[in-house]
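Notes for the structure review
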Amino acid sequence: MNPNEKKYAPLGGLDVLEGEERRHQPEPIIRVWDIVVRSGHWLLVALFAILYFKSGKFPLHAYAGLAIMGIVVFRIVWGFVGGRAARFSSFLYSPAAAFRYFLQALGGHAPYHASHNPMGAWMVYLLILLLLANGVLGMMYYSTSQQLGPLGDMVPVEWDEMLENVHFVVGHATAALVLVHMLGVVWAAHAHRENYVTAMFTGFKRVPRDAERSALDGYSIHSDEVVARPLAATERWFNTRRPAIGSLLIVLAVVAAVFALSQVAILFNDDLPVF
Ligand code: HEM
Ligand code: HEM
């Protein structure tokens, strides 16, 4: 067993601790997102920014779109073979469950979920579906408009206008959904007092104290030692003291960073081979 990993008392122990004693126990930390989920997510964010902010730059747009499709397909496979939190079976919910969760969160008593919560899960399904669908539509449109891309001149030219419109609408709808996704992450941080964004960077989550013990079954629980000592105060500020403001600050920083990246990426557009 990893020396930092132990059957940590707080959640089990918290049940029996009271008042002052309970308040002085730190919230436990669990390991959720593996390296595949985390790197896939941030690559997706970078590529989406390049693809969306510079949608008229070719072949850059096509390369970014195809890379996104590759990541999404890989993520789907990972959803069956990956770690505990990454598996679809850890976040399979009906639309009714998502709505129930929304009402519970509004009322301030949403149950804790170590993987995606029911609303987050539906956002993930939708994003995956739309990215994949628009990637295919983009390839088809590239074929009708330029006779280029993996489909060459296979797609009937008569479909050109229809494909242009559908690819345009689905593309902007996906961007709108991404915006809702970012706002949702900040809202959930406020509703749950948990910073989802830092977890997507580090793979670790600090679990709110009132979380149900059963929600952590199958996850490794870690002590505070996984946080480097010089970062301890910052970590607590972002994860427990101000999770919503902390999330918002990181979201803004990421948007600024990927926008800057998209500006740099167009410098390479002319060097990319047209295919
Ligand atoms: C500033 C930008 C973004 C931030 C801060 C962000 C943050 C997050 C967070 C915190 C999660 C985990 C949510 C949870 O715990 O349930 C997540 C999941 C996800 N996000 Fe984002 N996101 C951003 C942009 C995007 C973009 C642009 C896309 C797609 C184009 C995207 C697609 C996804 C997907 C597919 C997942 C599921 C991850 C998985 O299970 O593999 N996100 N995001
Ligand atoms: C994977 C997700 C993708 C998304 C979200 C997406 C999104 C978009 C958006 C929003 C536009 C319209 C830009 C505008 O005029 O406002 C666009 C244009 C276009 N996309 Fe995509 N795209 C994707 C993938 C692809 C792929 C894989 C290809 C080709 C291989 C492609 C080919 C095109 C073409 C040819 C245009 C027209 C550009 C122009 O008229 O200047 N797209 N895309």
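Refer to the structure presented above.
Structural notes, computed from the coordinates. (Residues numbered from 1 in each chain as written. Chains lettered and ligands numbered in written order. Predicted model: local features only at pLDDT ≥ 70, side-chain atom pairs only at ≥ 80, totals over all residues. Heavy atoms only, no water.)

1. Quick notes on the packing of aromatic side chains
Each pair of aromatic rings is reported with the distance of its centres and the angle of its planes. One pass over the full model with this rule turns up 15 aromatic pairs. Put simply, the rings of Phe80, Phe88, Phe91, Trp122 and Tyr125 touch in pairs and so form one group of aromatic residues. Across the ring face of phenylalanine 204, the terminal group of arginine 31 is positioned such that the distance to the ring centre comes to 4.8 Å. Directly above the aromatic system of phenylalanine 88 lies the positively charged group of arginine 75, at a separation of 5.7 Å from the ring centroid. (Phe/Tyr/Trp six-rings, centres within 6.5 Å; stacked < 30°, edge-to-face > 60°. Lys NZ or Arg CZ within 6 Å of the ring centre and 35° of its normal.)

2. A short note on the site of ligand 1
For ligand 1, the set of nearby residues contains 21 residues, the closest of which are His41, Arg75, His116, His181 and Tyr196. At 2.8 Å from a nitrogen atom of ligand 1 is found a side-chain nitrogen or oxygen belonging to histidine 181. Top element by residues in the shell around ligand 1 is helix 3 (residues 35-53). It accounts for 6 residues. For the shell around ligand 1, the class distribution of residues is 17 nonpolar, 3 polar and 1 charged. (Near = heavy atom within 4 Å. Polar contact = N/O pair within 3.5 Å; in protein donor to acceptor, adjacent residues only side chain to side chain. Helix = DSSP H or I, 4+ residues; strand = E, 2+ residues; numbered from the N terminus. Nonpolar A, V, L, I, M, F, W, Y, C, P; charged D, E, K, R; others polar.)

3. Regarding the pattern of salt bridges
Applying the stated criterion to the full structure yields 3 salt bridges. The partner of glutamate 194 in a salt bridge is lysine 205, and the shortest N-O contact between them spans 3.6 Å. Of the two residues, glutamate 194 is situated in the loop between helix 7 (160-192) and helix 8 (196-202) and lysine 205 in strand 2 (residues 204-206); the sequence distance between them amounts to 11 residues. Like glutamate 194, the residue lysine 205 is buried in the burial classification. Among the salt bridges present, the one from arginine 206 reaches aspartate 224, with a minimum N-O distance of 3.3 Å. Taken together, the residues arginine 206 in strand 2 and aspartate 224 in the loop between strand 3 (221-222) and helix 9 (232-241) connect sequence positions 18 residues apart. Looking at arginine 206, the relative accessible area reads 5%, which means it is buried. A relative accessible area of 29% places aspartate 224 in the partly exposed class. (Salt bridge = Lys/Arg side-chain N within 4 Å of Asp/Glu carboxyl O. Buried < 20%, exposed > 50% of the residue type's maximum accessible area, 1.4 Å probe, protein only.)

4. What about the environment of valine 166?
Topologically, valine 166 is positioned in helix 7. The sequence separation of valine 166 and glycine 138 amounts to 28 residues, and the corresponding C-alpha distance is 9.3 Å. Beyond its immediate stretch of four places on either side in the chain, valine 166 contacts Asn134 and Leu137. (Contact = heavy atoms within 4.5 Å.)

Keep in mind these values describe shape, not function.
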